[in-house]
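Each chain, letter by letter, is given below.
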Amino acid sequence: MAYNPPIVDIRDYTDGGANRARFLDDFLRALDHPGFMLAVNTGFETGERHARFQEQRRLMKVFFQMSKKEKDELKVAGVNGEVGYTGFREERNRDLAEYLHFSPGVTPYAANVFPAIPGYQEVTLAIMNDLHIFSNMMFSVVAETFGKDPRYFENLCKGLLRNDVYRHAWYKGLRQDEIQEWKDSYRASEHDDSGFQTFIKVDKHIKKLEVDVSGEAGLGKEATERQYEEINVDQAGMLYNSGHQCRWITDGVKNPASPSEVPISKGDCVSTPASTTP
């Protein structure tokens, strides 16, 4: 089966008036179960922002097809993979993936490292700035949804270090014998981004991302058994999950940072999820 996420139109929020109030109602309903929604008309579907993501994916394929020795040169010691390169099966024991992580200039971990590929650093930093602007707007949306000032999160976190993560992920295509060998593994195993908002740009559809849709998931609920379904998206937008941000403004009532996983499959796949804090 497939899960069709609720759709929220960002223009209804930015245009104001009656549409804004309706948007906030739609957004609250979308938070409840299972927490993933598709935001459309975000500004990333066309134009310069879209073109940057297209170029980023091209550059990623160049990097991840380099030799292991060349990629290992971008490993950063002592930061637990928060920035720099993480090799195949190194992040989690079951993850059949490689990662290259970036964080904003203000980070408690280490300075970012970039591949020596023309344009890689410039495009990556431009996208991180685009995502930062969009992320701040979405934090305002969460705050307003619960009756708070739009700058609630900004004021709450003033002076704190940001811990955003922009992730370049490479899910390697596997041979049939590898699929059989690692049948109990995942290209990305079950996890949630509990402290973050998470964004995944979708051009038309998304491949092999499964989310927990168990009936027990939702606002104020903890799932005891997972039930995964593949997300079905048939239009461009930004797949969004709010993380646990609502805990900060609802006396601890938890909204789901829905556990998700990327099942094993044959095809190569690049992904550029971003997780952000206020």
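Here the structure is shown first, and the text comes after it.
Remember, predicted model here, so these are calculated numbers, not experimental data.

**Student:** How should I be thinking about the environment of Ser242 in this particular structure?
**Tutor:** Along the polypeptide, Ser242 turns up in the loop between strand E11 (237-241) and strand E12 (260-263). The sequence separation of Ser242 and Met138 amounts to 104 residues, and the corresponding C-alpha distance is 8.6 Å.

**Student:** I tried to follow the side chain of His168 on my own but got confused; where do I start?
**Tutor:** Positionally, His168 belongs in strand E6 (residues 165-171). Here Gln56 takes part through its side chain, which lies 3.4 Å from a polar atom of the side chain of His168. Non-local contacts of His168, meaning those with residues more than four positions away in its chain, are made with Gln56, Met60, Phe64, Glu98, Tyr99, Leu100, Phe102, Tyr120, Thr124, Ser271 and Thr272.

**Student:** What exactly am I supposed to notice about the nonpolar core here?
**Tutor:** Within soluble globular proteins, side chains that are nonpolar generally end up buried alongside one another. One finds Phe27 and Met138 to be the most contacted residues of the largest nonpolar core, which totals 42 residues. Elements with a contribution of two residues or more to this core: helix H1 (10-14), helix H2 (18-32), strand E3 (36-40), helix H3 (47-64), strand E5 (97-102), helix H5 (120-145), E6 and E11. Counting residues per element, this core draws most heavily on H5, which supplies 12 residues. Contact partners of Phe27, with chain neighbours within four places excluded, come to Val8, Met37, Met138, Val141, Val142, Thr145 and Tyr240. By size, the runner-up hydrophobic cluster in this structure holds 19 residues, among which are Val40, Tyr99, Ile206 and Leu239.

**Student:** In this structure, what is going on with the packing of H2 against H5? I would like to understand it.
**Tutor:** The N-to-C vectors of H2 and H5 enclose an angle of 90 degrees; their axes lie 10 Å apart at closest approach. By the criterion of interaxial angle, the relationship of H2 to H5 is roughly perpendicular. Taking contact as the criterion, the partners of Arg20, Phe23, Leu24, Phe27 and Leu28 in H2 are, on H5, Met138, Val141, Val142, Glu144 and Thr145. The class makeup of the residues in the contact of H2 with H5 is 7 nonpolar, 1 polar and 2 charged.

**Student:** Would you explain H2 in this entry?
**Tutor:** Within an α-helix, residues lying three or four positions from one another point in the same direction, as the helix has 3.6 residues per turn. Across its 15 residues, H2 extends 22 Å between first and last C-alpha, which sits within 8% of the 21 Å expected from 1.5 Å per residue. Inspection of H2 places Phe23, Leu24, Phe27, Ala30 and Leu31 among the buried residues, and these make up the whole buried set. Viewed end-on, H2 has its buried residues packed into an arc of 125 degrees, placing them on one side of the element. What points out from H2, more than 90 degrees from its buried face, is the exposed set Ala18 and Arg29. Considering only its buried residues, H2 is in contact with strand E2 (7-9), H1, E3, H5 and E11.

**Student:** Help me understand the pairing of E6 in this model?
**Tutor:** Two faces, one strand: in a regular strand the side chains alternate between the faces of the sheet. Of all the 7 residues making up E6, 7 are buried; the element is thus mostly covered by neighbouring parts of the structure. Burial along E6 is two-sided: the face carrying Val165, Arg167, Ala169 and Tyr171 and the face carrying Tyr166, His168 and Trp170 are both buried. By the bridge criterion, 6 bridges tie E5 to E6 in an arrangement that is antiparallel. Note on E6: the bridge partner recorded for Leu100 is His168. Strand direction decides the pairing type here: E6 and strand E13 (residues 269-271), joined by 3 bridges, are antiparallel. Bridged to Ala169 within E13 is Ser271.

**Student:** Teacher, can you tell me more about unusual backbone geometry here?
**Tutor:** Of all residues except glycine, most have a negative phi; of all peptide bonds, most are trans. Positive phi, normally seen in glycine, also occurs at Asn41, with a value near 55 degrees. Mapped onto the elements of the fold, Asn41 is located in the loop between E3 and H3. When its relative accessible area of 32% is taken as the criterion, Asn41 is described as partly exposed. The phi torsion at Arg89 lies on the positive side, around 65 degrees, for a residue other than glycine. When you line up the elements, Arg89 lands in the loop between strand E4 (84-86) and E5.

What counts and how
Residues numbered from 1 in each chain as written. Predicted model: local features only at pLDDT ≥ 70, side-chain atom pairs only at ≥ 80, totals over all residues. Heavy atoms only, no water. Helix = DSSP H or I, 4+ residues; strand = E, 2+ residues; numbered from the N terminus. Polar contact = N/O pair within 3.5 Å; in protein donor to acceptor, adjacent residues only side chain to side chain. Contact = heavy atoms within 4.5 Å. Core = buried A, V, L, I, M, F, W, Y, C linked by side-chain atoms within 4.5 Å. Buried < 20%, exposed > 50% of the residue type's maximum accessible area, 1.4 Å probe, protein only. Axes fitted to C-alpha atoms, helices over the stretch in contact; angles between N-to-C directions. Parallel < 35°, antiparallel > 145°, perpendicular 65-115°, else oblique. Nonpolar A, V, L, I, M, F, W, Y, C, P; charged D, E, K, R; others polar. Expected span 1.5 Å × (residues − 1). Arc of directions from axis to C-beta. Pairing = 2+ DSSP bridges.

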